[in-house]
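Coordinate inspection notes
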2 protein chains.
Amino acid sequence: MTQGSSKRPLILVTNDDGITAPGIRNLVESISDLGDVVVVAPDSHQSGMGHAITISNILKMWPHDFGAANIKAYRTSGTPVDCVKLAIYKILDRKPDILLSGINHGSNSSINVIYSGTMSAAVEGALEGIPSIGFSLCDFDEHADFTASRGVVRTLTQQVLQHGTPKGTCLNVNIPKVAPNELKGIRICRQAAGHWADAFEERKSPGGRPYYWMTGNFTDIDSGEDTDEWALRNHHVSVVPVQYDLTAHHALAELNQWNLRLED
Amino acid sequence: MTQGSSKRPLILVTNDDGITAPGIRNLVESISDLGDVVVVAPDSHQSGMGHAITISNILKMWPHDFGAANIKAYRTSGTPVDCVKLAIYKILDRKPDILLSGINHGSNSSINVIYSGTMSAAVEGALEGIPSIGFSLCDFDEHADFTASRGVVRTLTQQVLQHGTPKGTCLNVNIPKVAPNELKGIRICRQAAGHWADAFEERKSPGGRPYYWMTGNFTDIDSGEDTDEWALRNHHVSVVPVQYDLTAHHALAELNQWNLRLED
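Our subject in this report is the structure included herewith. (Residues numbered from 1 in each chain as written. Chains lettered and ligands numbered in written order. Predicted model: local features only at pLDDT ≥ 70, side-chain atom pairs only at ≥ 80, totals over all residues.)

Structural alignment of chain B on chain A gives an RMSD of 0.0 Å, achieved by rotating through 180° and translating 0.0 Å along the axis. Taken together, these values place the two copies in the relation of a two-fold axis. Mapped onto chain A, 100% of the interface residues of chain B again fall at the interface, so both copies present the same surface. (Least-squares fit on C-alpha atoms with pLDDT ≥ 70 in both. Contact = placed C-beta atoms within 7 Å.)

This is the structure:
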């Protein structure tokens, strides 16, 4: 790494569990010597926000004391994607060299990527041409052990600072809930086919009106050994390249055989 | 279409502009004779919600009078994706034969698909194995003219009831803002590469605290003539097959060349 603060990489950090979550603190501590770190993160829990942005309401933003002299930090009232946009278009005076999102408390493997605020922040970074990584630890506990995760974050951040990311992608990194000495290594994977069977638990308000809590069970319906779910079950870190071009190119020819004449 | 109410297709309808928006009314009126229609839609504007779901808060749901005797309707406090999940796992006793989302007031072409509540509802339907279409009219006006859109909705709904959708996809349909007789036809397209340059307009609260409104300018940075943006500029309806497997399969080989050994 080149010495001298003007040559140090600018590292933008965000998450979806909120700026006070242990996951983002562990992320920052793992990489703070690799560059100049700026944290822009939600002021409260924003899990499940997907790629939501705040376009019909106002956004607020406050400087935040991250408790480390060399870390600039801001918390916002917005979603993770709002935070990335605020960082790029309002806070920073140059484009970050890398964007790191997480470490999420809970898995974002398989189809969970699509609901994930952590990963949507990374996708937004990629859209802006910034090499971006989302990190998730497969442990929802607020007091999860991030020891193994810290080495993973550091290794992948260094690799991406060196190589960038493949064109049009960001990286979805999931870390199994195991002790550091049980971690078998890092595997490049595809997203497993998975399905959520949802349920809605009905309760009654004190006034007798019904309301609902969403719950659900995830099933891995993919028997492949090249998937993120397989890697995690077998104590590997999974790395999936995620693209933001949602076009199903393979389906174009099939659709061109339909009769799409408009009725008169 | 087979006669007899038990054989009629079950059509689930949602949107992101809210259940009282003119777009969803025009959609329902275009296809209500093609099957049994159930509407489950947000009770207020939910644009820009992407694939957000409500997992840290409660959901409410109310029966809604859609003003047509044969249309069952519910409004919910949730996002468009919440509405799809509530419909499938709480309201309906069988799987819908088709899901229609929209008609959105405003374009969801190019990269806008990723922020769109309308399209996320369609993606959620596809995840559940339901042939799903999102419709958007390129006109943000609440009093937009949906005359041309109605024929487009009807044609594509009939085609999808007949063919289903290509495996692992839903359809993103955008309709240009033109009179019906200026509509040149329907084109199968890929998503154009586009970019939003955002800006944040700073204002002060009555108490003197800063807050921000997100604004921005979209640029089509794609010169291809096979894109949705090209089709719309040239008065065609664009149909893009959208996939929910976000894996960038083409990038797997490149990543496998990295040194991903964890430090000891």
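Looking now at the packing of helix H1 (residues 22-31) of chain A against helix H4 (residues 147-163) of chain A. Residues and elements named next belong to chain A. The N-to-C vectors of H1 and H4 enclose an angle of 55°; their axes lie 9 Å apart at closest approach. In terms of orientation, H1 and H4 fall into the oblique class. Relative to H4, the crossing made by H1 is right-handed. Residue-level inspection shows Asn-26, Leu-27, Ser-30 and Ile-31 of H1 in contact with H4, the latter providing Ser-149, Arg-150, Val-153, Arg-154 and Thr-157. In terms of residue class, the contact of H1 with H4 is made up of three nonpolar, four polar and two charged. (Axes fitted to C-alpha atoms, helices over the stretch in contact; angles between N-to-C directions. Helix = DSSP H or I, 4+ residues; strand = E, 2+ residues; numbered from the N terminus. Parallel < 35°, antiparallel > 145°, perpendicular 65-115°, else oblique. Left-handed = near helix turned anticlockwise from the far one by under 90°. Nonpolar A, V, L, I, M, F, W, Y, C, P; charged D, E, K, R; others polar.)

On to the sheet that holds strand E6 (residues 132-137) of chain A, then. Hydrogen bonds between backbone atoms are what pair the strands of a sheet, whose relative direction is either parallel or antiparallel. All names here are of chain A. Read across the sheet, nine strands follow the order E3-E4-E2-E1-E5-E6-E7-E11-E8 without closing on themselves; strand pairing throughout is mixed. Strands at the two margins of the open sheet, each flanked by one partner only, are strand E3 (61-63) and strand E8 (185-188). For this sheet the average axis-to-axis angle between neighbouring strands, irrespective of direction, equals 20°. With five bridges connecting them, E6 and strand E7 (residues 169-175) associate as parallel partners. From the neighbouring strand, Leu-137 faces E7, where its bridge partner is Ile-175. The strands touched by H1 within the sheet are strand E1 (10-14), strand E2 (36-42), strand E5 (98-105) and E6, with E5 carrying the most contacts at an inclination of about 140°. Docked against the sheet, helix H2 (residues 80-91) engages E1, E2, E3, strand E4 (72-76) and E5, running at close to 135° with respect to E2. (Pairing = 2+ DSSP bridges.)

For the rest of this paragraph, the subject is the sheet that holds strand E8 (residues 185-188) of chain B. Residues and elements named next belong to chain B. As summarised here, the arrangement of the nine strands in space is E3-E4-E2-E1-E5-E6-E7-E11-E8, forming an open sheet in which the pairing is mixed. Edge positions in the sheet fall to strand E3 (61-63) and E8, since each has one partner strand and no second. Taking the axes of each pair of neighbouring strands and ignoring which way they run, one obtains an average angle of 20° across the sheet. The pairing of strand E7 (residues 169-175) with strand E11 (residues 236-243) spans six bridges and is classified as antiparallel. Residue pairing in the sheet places Cys-170 in a bridge with Val-242 of E11. Sitting on the sheet, helix H3 (residues 117-127) touches strand E1 (10-14), strand E5 (98-105), strand E6 (132-137), E7 and E11, and the angle it makes with E6 is about 170°.

Below, the discussion takes up the pairing of E5 of chain A. All names here are of chain A. Most of E5 is tucked away, with eight of its eight residues classed as buried. As defined by bridge partners, E1 adjoins E5 across four bridges and the pair is classed as parallel. Paired with Leu-12 across the strands is Leu-99, a residue of E5. In this sheet, E6 lies alongside E5 in parallel orientation, the contact comprising five bridges. Counterpart to Leu-99 in the pairing with E6 is Ser-132. (Buried ≥ 20, exposed ≤ 12 C-beta atoms within 10 Å, placed from the backbone.)

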